[in-house]
Amino acid sequence: MNRNFVVQCTTLSEELIQKVESLTQWIYRLCESNNLSLKTTELAAQIIQICLSQQCCNLNNILLIAITSFFISVKYNECQSFIQFTMQDCILLGNSTFSKKDFLEMELQILNLIHFDMNLITICDLLQEEQTKYIDLILFVTLDSEFWSFSKFDLFKAIQQFYNNHQNVQNETTNQIISLIQTKVNLLIKMDDEQKSIFQQKRKRIQKQKSKSKIYFKNHNYKKSYLKTKYSQI
Amino acid sequence: MSQIPLSKYHLLTKIGQGLYGDVYKANILGTDQYVAVKKIRIYDVSVGVPITALRETSLLQRIQHQNVVKILEVEKIHGQIRVVMEYLKLDLQQYLNENKDRLSVELLKKFMHDILSGVGACHRLNCIHRDIQPKNILIQDDGTLKIGDFGSARVFQKFPQFFTSDVCDLWYRAPELLLGSNYYTIAIDMWAIGCVFAELILKQPLFQGENEIHQVKLIIPNVQSFQTVNLNDPNLQIQFNGIITNKLQNLINQDGLDLILKLLKLDPEQRISCSQSLQHSFFR
């Protein structure tokens with residue numbers, strides 16, 4: 001079975017993909033706030049992507065798919081004595097929109113889709129103990145839908161090359177990923193610069209206002225003291 | 001009219017109770033081939049599909065090795081999920097109970113080679129079995145041993161990870177688990193293999209503790225307080241009682257005894273691995 005997010009999903013709307021992107025980010029934040037491993041985020045993200053690309057689940061219930069994918073990933077990858085994540089937690093995460101039965105049915109549907117095989121290769125598996133070094137880049141390619149069509153192995157290779165500033169990479173796909181990462185990083189830097197310049201402009205404006213108010217305050221004080229002395233003289 | 005899918009397997013008799021449901025002997029329809037069918041039962045709705053089932057199906061689909069039991073398919077039939085595996089009628093525990101005679105050194109070597117090869121295949125794929133014991137080692141008709149029951153197994157990453165310490169049958173539980181460690185490694189499987197090896201020689205379990213404290217006391221009799229036990233201490237050695245030491249010395253050669261002692265090192269970091277064990281002089 002092809003487990004990459006290869007585009008059997010050309011028919012998927014931009015809106016749906018954006019929704020999935022935000023749900024993946026939400027899952028990452030859930031993992032982060034509960035001290036769960038990065039692999040759990042990666043697993044959940046992959047399951048949602050499989051559901052999307054195979055279009056076997058009812059995509060109208062994308063929230064149900066996302067929560068169930070997270071539930072299965074936590075169950076498979078996390079230590080049960082560290083976190084007990086139950087159907088009740090799923091119901092709470094879904095604001096009681098879905099019942100236990102809904103989650104149970106979706107779980108079976110998803111597990112059938114992946115043939116009860118949770119051995120989905122993750123970038124964390126490939127990087128092993130080095131994953132902490134590359135954590136930002138792993139997140140970068142996991143949360144952004146433009147990277148979902150690449151295999152985990154290609155992403156892993158590209159992340160390593162990008163991080164270590166390797167030029168002249170032989171592999172075309174790796175090059176493609178690296179240039180995509182670079183474009184995105186440039187875009188972020190540009191956005192960051194724009195924000196900085198907006199921030200600087202704001203700061204200048206504030207400083208101007210401050211200095212104005214200082215002058216005013218000085219004048220005001222001066223006037224006050226002048227008046228004081230004047231009146232005292234009287 | 002929609003057709004109701006039919007199972008390819010005809011269930012014959014219930015042969016056991018697995019971690020996540022009943023196990024049946026079945027035959028493939030139209031053939032005389034037997035398979036084992038495990039029905040996945042959702043015991044607790046709040047947990048959904050049992051974690052043991054999920055881990056077993058995932059890991060067995062990944063580990064393809066002649067000394068690891070084969071998973072044939074996961075079948076969904078009439079709203080029920082069935083894990084279909086190869087059928088092996090005997091396990092090592094039954095074998096040891098039924099055969100009272102002493103095992104020959106050649107057979108011991110063959111059995112240990114199969115066990116180490118099977119568990120080694122799991123370890124190479126970053127999987128800890130966490131429940132090695134004679135009951136979970138199955139015997140094929142031609143005498144080949146296969147590691148089974150991956151319900152407790154899990155994938156690990158190559159850095160310290162928090163795991164539950166409540167794994168492994170008490171008699172085969174490594175000292176670091178008994179002392180409550182949550183950051184253990186594949187060395188816990190090596191300890192269990194050491195216990196199985198000794199059991200194959202002695203024809204009885206090596207350490208038969210009644211509870212965790214008793215189990216630790218059987219392994220390290222001189223321990224005063226569990227809080228002060230330091231498994232990394234080179235002076236701390238495993239101590240068999242006199243009867244077991246005599247039996248082992250009489251029943252196995254020096255190489256075999258040396259392998260047991262290397263598998264049963266108290267310090268998990270000093271414990272021999274599967275690939276190192278297979279290179280041991282015992283197998284030459």
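Fair warning: this is a prediction, and the values are worked out from it, not measured in the lab.

1. Concerning the sheet that holds strand E1 (residues 9–17) of chain B
All names here are of chain B.
- On the basis of which strands lie adjacent, the open sheet formed by 5 strands has the order E1-E2-E3-E5-E4 and antiparallel pairing. Looking at strand neighbours, the two that pair on one side only are E1 and strand E4 (71–77), the edges of this open sheet. Averaged over all adjacent pairs, the angle separating strand axes in this sheet is 30°, with direction ignored.
- As paired elements, strand E3 (residues 34–40) and strand E5 (residues 80–86) share 6 bridges and run antiparallel to each other.

2. Concerning the interface of chain B and chain A
- The partner chain A presents 28 residues to the 27 residues of chain B that form the contact.
- Both sides of the chain B and chain A interface together cover about 2,500 Å² of buried area, and 59% of this is carbon and sulfur.
- Broken down residue by residue, the surface that chain B buries against chain A is led by Ser46(B), Leu54(B) and Gln157(B), which jointly contribute 21%.
- There are 0 salt bridges connecting chain B and chain A.
- Linking chain B to chain A there are 16 residue pairs in polar contact (both at pLDDT 80 or more).
- Every element with two or more residues in the side of chain B that touches chain A is listed here: helix H1 (51–62), E4 and strand E10 (154–155) of chain B.

3. A word on the UniProt feature "domain: Protein kinase" (unreviewed entry) in chain B
- When the UniProt feature table is mapped onto this chain numbering, "domain: Protein kinase" (unreviewed entry) sits at residues 9–283 of chain B.
- End C-alpha to end C-alpha, residues 9–283 of chain B measures 41 Å, and it is 33% helix and 18% strand.

4. A closer look at a nonpolar patch on the surface
- On the surface, Phe82(A), Phe162(B) and Tyr183(B) cluster together to form a nonpolar patch covering roughly 310 Å² of accessible area.
- With respect to the helices, strands and loops of the structure, Phe82(A) is situated in the loop between helix H3 (62–77) and helix H4 (87–93).
- Assessed through its relative accessible area of 40%, Phe82(A) is described here as partly exposed.

5. As for the pairing of E4(B)
- As paired strands, E4(B) and E5(B) are joined by 6 bridges and run antiparallel to one another. Residue pairing in the sheet places Ile77(B) in a bridge with Gln80(B) of E5(B).

6. Overview of the sheet that holds strand E9 (residues 145–147) of chain B
Residues and elements named next belong to chain B.
- With antiparallel pairing, 3 strands are arranged side by side in an open sheet as E6-E8-E9. Looking at strand neighbours, the two that pair on one side only are strand E6 (90–91) and E9, the edges of this open sheet.
- Relative to E9, strand E8 (residues 137–139) is paired through 3 bridges, and the arrangement is antiparallel. In the strand pairing of E9, isoleucine 137 is matched with isoleucine 147.
- On top of the sheet, helix H3 (residues 105–124) reaches E8 and E9; it is set at about 30° to E9, its chief contact.

7. Considering the packing of helix H1 (residues 14–33) of chain A against helix H2 (residues 38–54) of chain A
Residue and element names in this part refer to chain A.
- It is the contact of H1 with H2, at a shortest axis distance of 9 Å, that shows an interaxial angle of 160°. One way to sum up the angle between H1 and H2 is to call them roughly antiparallel. In the crossing of H1 with H2, the sense of the turn from one axis to the other is right-handed. The segment H1 lies against H2, with Leu16, Val20, Thr24, Ile27, Tyr28 and Cys31 engaging Leu38, Thr40, Thr41, Ala44, Ala45, Ile48 and Leu52.
- Among the residues forming the contact of H1 with H2, the class breakdown is 10 nonpolar, 3 polar and no charged.

8. Digging into the packing of aromatic side chains
- Counted under the stated rule, the structure contains 14 aromatic pairs over all chains.
- Ring geometry for Phe98(A) and Phe103(A): centres 6.0 Å apart, planes at 80°, overall edge-to-face.
- You can call Phe103(A) buried: its relative accessible area is 0%.
- For the ring pair Trp191(B) and Phe207(B), a centre distance of 6.2 Å and an interplane angle of 15° mean the geometry is stacked. One end of the pair, Trp191(B), is in helix H5 (residues 187–202); the other, Phe207(B), is in the loop between H5 and helix H6 (212–219), with 16 residues separating them in the sequence. Per residue, the accessibility class of Trp191(B) equals that of Phe207(B), and both read buried.
- In this structure, Lys25(B) packs its charged tip against the face of Tyr34(B), placed 4.2 Å from the ring centre.

9. Some remarks on the UniProt feature "binding site: ATP" (unreviewed entry) in chain B
Residues and elements named next belong to chain B.
- Those places that UniProt annotates as "binding site: ATP" (unreviewed entry) correspond, in this numbering, to Lys39.
- By the secondary structure assignment, lysine 39 is in strand E3.
- With residues up to four places along the chain from it excluded, the contact list for lysine 39 reads Leu11, Tyr20, Gly21, Asp22, Tyr24, Gln80, Ile81 and Arg82.

10. Concerning the packing of H1(A) against H3(A)
Residue and element names in this part refer to chain A.
- Look at H1 against H3: their axes get within 10 Å of each other, and the N-to-C directions meet at 35°. As H1 runs across H3, the sense of the crossing is right-handed. Contacts between H1 and H3 involve Leu16, Lys19, Val20, Leu23, Trp26, Ile27, Leu30 and Cys31 on the former and, on the latter, Ile62, Leu63, Ala66, Ile67 and Phe70.

The rules behind these values
Residues numbered from 1 in each chain as written. Chains lettered and ligands numbered in written order. Predicted model: local features only at pLDDT ≥ 70, side-chain atom pairs only at ≥ 80, totals over all residues. Heavy atoms only, no water. Pairing = 2+ DSSP bridges. Helix = DSSP H or I, 4+ residues; strand = E, 2+ residues; numbered from the N terminus. Axes fitted to C-alpha atoms, helices over the stretch in contact; angles between N-to-C directions. Contact = heavy atoms within 4.5 Å. Buried area = accessible area lost by both parts, 1.4 Å probe. Salt bridge = Lys/Arg side-chain N within 4 Å of Asp/Glu carboxyl O. Polar contact = N/O pair within 3.5 Å; in protein donor to acceptor, adjacent residues only side chain to side chain. UniProt positions renumbered as here; feature names shortened; annotations may be inferred. Patch = residues over 30% accessible without salt bridge, like charges linked within 9 Å, V, L, I, M, F, W, Y side chains within 5 Å. Areas by Shrake-Rupley, 256 points an atom, 1.4 Å probe, with all protein chains shown as cover. Buried < 20%, exposed > 50% of the residue type's maximum accessible area, 1.4 Å probe, protein only. Parallel < 35°, antiparallel > 145°, perpendicular 65-115°, else oblique. Left-handed = near helix turned anticlockwise from the far one by under 90°. Nonpolar A, V, L, I, M, F, W, Y, C, P; charged D, E, K, R; others polar. Phe/Tyr/Trp six-rings, centres within 6.5 Å; stacked < 30°, edge-to-face > 60°. Lys NZ or Arg CZ within 6 Å of the ring centre and 35° of its normal.

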